Amino acid sequence: MAVPPGVSEREWADALKQFQQALGSGGVFTSDEDVALYRDFYSPLWGEAEERVASAALAPDTADQVQQIVRIANTSRIPLYSIATGRNLGYGGSAPNLAGSVVLDLKRMNRVLEVDDKRHFAIVEPGVSYFDFYRHIQDRGLNVWIDCPDPGWGSVIGNALDHGVGYTWGAFRDHFHSHCGMEVVLPNGEFLRTGMGAVPGSRTWAEYRYGYGPYVDGLFSQGNFGVVTKMGFWLFPAPETYLSGTVTVPKRADIVPLVDIVNYLEHAGTIGMPRYGSPLGQVRDQELADLVAQPGGPSTDDLDAFAARRGVAAWECKLQFYGGAEVVAAQWAYAREKLSVIAGARFEDTEFYRFPLTAEQAERAHKVALGIPNLSIFAGGARSELNPSPRDGHVFFAPVIPKSGRAILDAMQVFNPVVREVGFPNMVSFFKAPNTWMFRAFVFLYSFPISRSDRAQNRRVREAFPRLVRAAAERGWGEYRTPPVFQDLVMDAYSFNNHALRRFSETLKDAVDPNGILSAGRGGIWPRHLRNTRG
Ligand code: EUG
């Protein structure tokens, strides 16, 4: 059995006894085979000496037990690492930043405490997955939708705290932004409620975010300053219909006005999440392959000439509308009118659904766009005849770039040479569309393969990351989220005024968690006694 760093075997044995008293023996996991389940199965350090492996895990059932655990850990100086459902795959899974931390696994706390489908909010515990949340609402026939990310087994709270995002209406896709009110166990074991929850007997816990005084909720994202045990969320009133339509534009440079107009529609509240793609990039053709293979990449004129000859559009964008049938039809007509200023723009009706869906529609639909949690995203990488040797996993390089067509074209120029140089030439693309989950920015996501047998490949990923992060930073771009092994690196790029932001966070850390017991190192925030170990 591993011993957490900074404690003696005796202190550890004593702490374990106390954890057992608090949780019963069914809540304390110390055997190698149990603890191995908390490894990050997508770790770029898989099987290497530096892999960050936990020493034990604790699974409380109630917020009071969380409080007891944190008190014991604070007294005994035991480093904890809190997880919700532990499915943060691609960004660290359920493994800690600091090797030897004790995982505080909240998945047993899976109660949906309240759903109000007239005032459109819910209050949930951290172990509630999107599947749990959806089922709770469906079973009761409540008139609200959830907004979920691709992995339906993820935690509603965990995803929000890691700044995760989804697929429906802008206000709901940003999961942290759509929260309202929190209950937190602080590192000293005290309970704190934020927003209106701070009023004893509050009746507006999940309806007014700010309460009174400084808005502190942001501190509790990424796990450094407390363990969140309840959180309110605003919900999407179930729309009556869904309509989608696709616009295509012929030329490469048309992405600039396309994004401007789609931004206008989205930020004004006319559309839900837009989805960009490149029909040209889907063409499998030797002539196009030769154009792309030219040193320095293809010229815009060559691409436009090829696209015109073949009658293929350079870019497309799928627009999504939610609401009454007449309303969505009018919104789509309005969007077409706005987009018609782009010469050669063409429009296609894509889907129309009236809720509830038929079984056949539910099967065919892009489920997450309709707030239906599922795991189909994992099928893409699964073993099949077409994909006989799938990757074991992946990590995401996730830079936030401006929401403009120019930034999309620039991002390919910036990242393609780096991706090629670091030895992933098959990931170089001149047709890469941005990811649009965030409401006011694009993410330009790269998914690097991770192997549990090919350490050389994992090393290449680890070598690629600093170069990509630097290339982004030189453009004034930073990443929104990254696995533990790259968190110091990513935080390093947020360096304005000699790292004022990180220094501020660490000053707070010293005050709120002087023993440094909570999620040490997460997001590049280290307690004082470990600051010299920053990577
Ligand atoms: C995905 C989504 C993310 C992310 C990385 C990957 C999904 C890929 C919504 O955020 O950060 C299909």
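On a predicted model such as this, the values are computed, not experimentally measured, just so you know.

## A short note on the pattern of salt bridges
Part 1 of the argument: Using the criterion set out here, one finds 28 salt bridges in the structure.
Part 2 of the argument: Two residues, Lys118 and Asp117, come together in a salt bridge whose shortest N-O distance is 2.9 Å.
Part 3 of the argument: Exposure remark for Lys118: the relative accessible area of 66% places this residue in the exposed category.
Part 4 of the argument: For Asp117, a relative accessible area of 15% gives the class buried.
Part 5 of the argument: Two residues, Asp410 and Arg406, come together in a salt bridge whose shortest N-O distance is 3.8 Å. Linking Asp410 with Arg406, this pair stays in helix H13 (residues 405–421), spanning four residues, or about one helical turn.
Part 6 of the argument: Judged by relative accessible area, which is 47%, Arg406 ranks as partly exposed.
Part 7 of the argument: A cluster of three or more residues bridged by salt bridges with shared partners is formed by Glu506, Asp510, Arg528, Arg531 and Arg534.

## Points about the environment of Glu506
Part 1 of the argument: In this fold, Glu506 is placed in helix H16 (residues 496–512).
Part 2 of the argument: Overall, Glu506 belongs to the buried group, its relative accessible area being 5%.
Part 3 of the argument: Along the primary structure Glu506 and Pro388 are separated by 118 residues, whereas in three dimensions their C-alpha atoms are 47 Å apart.
Part 4 of the argument: Beyond its immediate sequence surroundings of up to four residues, Glu506 is in contact with Gly524, Ile525, Trp526, Arg531 and Arg534.

## Regarding the nonpolar core
Part 1 of the argument: Ranked by internal contacts, the top residues of the largest apolar core, which has 62 residues, are Leu258, Tyr276, Trp315, Leu319, Phe397, Phe415 and Phe448.
Part 2 of the argument: In terms of nonpolar packing, the next biggest core, distinct from the first, is built from 38 residues, Tyr91, Val165, Tyr167 and Ala398 among them.

## Let's talk about the domain arrangement of the chain
Part 1 of the argument: According to the domain assignment, the chain contains domain 1 (9–105), domain 2 (112–237) and domain 3 (241–354).
Part 2 of the argument: Listed by partner, the interface residues are seven residues for domain 2 and nine residues for domain 3.
Part 3 of the argument: Counting the surface lost from both domain 2 and domain 3, the interface buries some 650 Å², and carbon and sulfur atoms represent 65% of this.
Part 4 of the argument: Sorting the residues of domain 2 by area buried against domain 3 places Tyr167, Trp169 and Arg173 first, and these three jointly supply 73% of that buried surface.
Part 5 of the argument: Arg173 is paired through a salt bridge with Glu266; the nearest N and O atoms lie 2.7 Å apart.
Part 6 of the argument: Scanning the region where domain 2 abuts domain 3 turns up two residue pairs in polar contact (both at pLDDT 80 or more).
Part 7 of the argument: Broken down by class, the residue content of the side of domain 2 that touches domain 3 amounts to four nonpolar, two polar and one charged.

## Some details on the sheet that holds strand E12 (residues 241–249)
Hydrogen bonds along the backbone pair up the strands of a sheet, which may run parallel or antiparallel.
Part 1 of the argument: Pairing is antiparallel across the open sheet formed by four strands, whose spatial order is E13-E14-E12-E15. Of all strands in the sheet, those with a lone pairing partner are strand E13 (275–277) and strand E15 (346–354), marking the two edges. Along the sheet, successive strands turn relative to each other by an average axial angle of 15 degrees, direction set aside.
Part 2 of the argument: Relative to strand E14 (residues 315–323), helix H11 (residues 325–339) is tilted by about 150 degrees, and along the sheet it contacts E12, E14 and E15.

## Topic: the environment of Gly218
Part 1 of the argument: Tracing the sequence through the fold places Gly218 in the loop between strand E9 (191–193) and strand E10 (227–234).
Part 2 of the argument: Here Gly218 falls in the partly exposed class, since its relative accessible area comes to 34%.
Part 3 of the argument: Between the C-alpha atom of Gly218 and that of Asn97, which follows or precedes it by 121 residues, the distance is 20 Å.

## Re the site of the ligand
Part 1 of the argument: By nearness alone, every residue bordering the ligand is listed as Tyr91, Asp150, Val165, Ile377, Phe396, Trp437, Leu445 and Tyr480.
Part 2 of the argument: The separation between an oxygen atom of the ligand and a polar side-chain atom of Tyr91 is 2.4 Å.
Part 3 of the argument: Tyr480 has a polar side-chain atom sitting 2.5 Å from an oxygen atom of the ligand.
Part 4 of the argument: With the chains in place, 79% of the 330 Å² that the ligand exposes on its own is no longer accessible.
Part 5 of the argument: Of the residues in the shell around the ligand, the class split is seven nonpolar, no polar and one charged.

## Remarks on empty space enclosed by the protein
Part 1 of the argument: Counted under the stated rule, the structure contains two cavities of 30 Å³ or more.
Part 2 of the argument: Space inside the largest cavity adds up to approximately 110 Å³.
Part 3 of the argument: In terms of lining, the largest cavity is formed by 14 residues, of which the most central are Ile146, Asp147, Ser178, Trp234 and Leu235.
Part 4 of the argument: Looking at the lining of the largest cavity, its residues break down into 10 nonpolar, three polar and one charged.
Part 5 of the argument: Here the second largest cavity defines a volume of roughly 100 Å³.
Part 6 of the argument: Lining the second largest cavity are Asp40, Ser43, Pro44, Leu45, Glu51, Arg52, Gly92, Ala95, Pro96, Pro483, Pro484 and Val485.
Part 7 of the argument: Among the residues making up the lining of the second largest cavity, the classes are represented as seven nonpolar, two polar and three charged.

## Section: unusual backbone geometry
Part 1 of the argument: Look at the link from Phe355 to Pro356: it is a cis peptide, with omega at 0 degrees.
Part 2 of the argument: Along the chain, Pro356 falls in the loop between E15 and helix H12 (359–364).
Part 3 of the argument: Even without glycine at this site, Arg77 takes up a positive phi of about 60 degrees.
Part 4 of the argument: Position of Arg77 relative to the elements: it lies in the loop between helix H3 (63–76) and strand E3 (80–83).
Part 5 of the argument: Residue classification places Arg77 among the partly exposed residues on the basis of a relative accessible area of 44%.
Part 6 of the argument: Unlike most non-glycine residues, Asn498 shows phi in positive territory, near 50 degrees.

Scoring rules and cut-offs
Residues numbered from 1 in each chain as written. Predicted model: local features only at pLDDT ≥ 70, side-chain atom pairs only at ≥ 80, totals over all residues. Heavy atoms only, no water. Salt bridge = Lys/Arg side-chain N within 4 Å of Asp/Glu carboxyl O. Buried < 20%, exposed > 50% of the residue type's maximum accessible area, 1.4 Å probe, protein only. Helix = DSSP H or I, 4+ residues; strand = E, 2+ residues; numbered from the N terminus. Contact = heavy atoms within 4.5 Å. Core = buried A, V, L, I, M, F, W, Y, C linked by side-chain atoms within 4.5 Å. Domains from an automatic or database assignment. Buried area = accessible area lost by both parts, 1.4 Å probe. Polar contact = N/O pair within 3.5 Å; in protein donor to acceptor, adjacent residues only side chain to side chain. Nonpolar A, V, L, I, M, F, W, Y, C, P; charged D, E, K, R; others polar. Pairing = 2+ DSSP bridges. Axes fitted to C-alpha atoms, helices over the stretch in contact; angles between N-to-C directions. Near = heavy atom within 4 Å. Areas by Shrake-Rupley, 256 points an atom, 1.4 Å probe, with all protein chains shown as cover. 1 Å grid on protein atoms, 1.4 Å probe; cavity = no way out; pocket = protein on both sides within 12 Å on 5 of 7 lines; lining within 4 Å. Points joined across faces, edges and corners; volume = space filled by probe spheres on them.

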